[in-house]
Amino acid sequence: MLYEINSIYCSRCKEFTSIFDAMNPNFSSTELICSDCGKILVVMKTKMQTKFDSTFSSKQLENYIKKENQKTAKELSIHRVSLGTNTA
């Protein structure tokens, strides 16, 4: 049974937000990403992908997610600062 996900709670935005999915060929996975801030919220990997991915490392994936989320957090804070200076 499949469910359609229209929104998901983002801990960075502190609200339910719309999402988009992106394929990550390096980890044979699909990421659900917050449309507002760009934070990776969920990483999905099918049983078939896991079975045939002999080089998969959960530690590498965890490090990638942390690095990407830090990068989008910095970009968001720079964007907020620039918006704040433009409205003054």
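Residues numbered from 1 in each chain as written. Predicted model: local features only at pLDDT ≥ 70, side-chain atom pairs only at ≥ 80, totals over all residues. Heavy atoms only, no water.

Some thoughts on the nonpolar core
Okay, step 1: In terms of nonpolar packing, the biggest core is built from 5 residues, these being C10, C13, C34, C37 and L76.
Okay, step 2: Apart from the residues lying within four places of it in its own chain, the contact partners of C34 are C10, C13, T17, S18, F20, K39 and L41. (Core = buried A, V, L, I, M, F, W, Y, C linked by side-chain atoms within 4.5 Å. Buried < 20%, exposed > 50% of the residue type's maximum accessible area, 1.4 Å probe, protein only. Contact = heavy atoms within 4.5 Å.)

A few points about the sheet that holds strand β2 (residues 15-24)
Okay, step 1: Strand order in the open sheet made by the 4 strands is β1-β2-β3-β4, with antiparallel pairing throughout. Either end of the sheet is taken by a strand with one partner, and the two such strands are β1 (7-10) and β4 (40-44). Mean inter-strand twist for the sheet, computed between neighbouring axes without regard to direction, equals 40°.
Okay, step 2: As paired elements, β2 and strand β3 (residues 29-34) share 6 bridges and run antiparallel to each other. Bridge pairing in β3 links D21 to L32. (Pairing = 2+ DSSP bridges. Helix = DSSP H or I, 4+ residues; strand = E, 2+ residues; numbered from the N terminus. Axes fitted to C-alpha atoms, helices over the stretch in contact; angles between N-to-C directions.)

Quick notes on the pairing of β1
Okay, step 1: For β1 and β2, the ladder comprises 4 bridges, and the chain directions are antiparallel. If you follow I8 over to β2, its bridge partner there is T17.
Okay, step 2: Following β1, the chain reverses through 4 residues before pairing antiparallel with β2; K14 in that reversal takes a positive phi of roughly 60°.

Any link to function would need more than the numbers given here.
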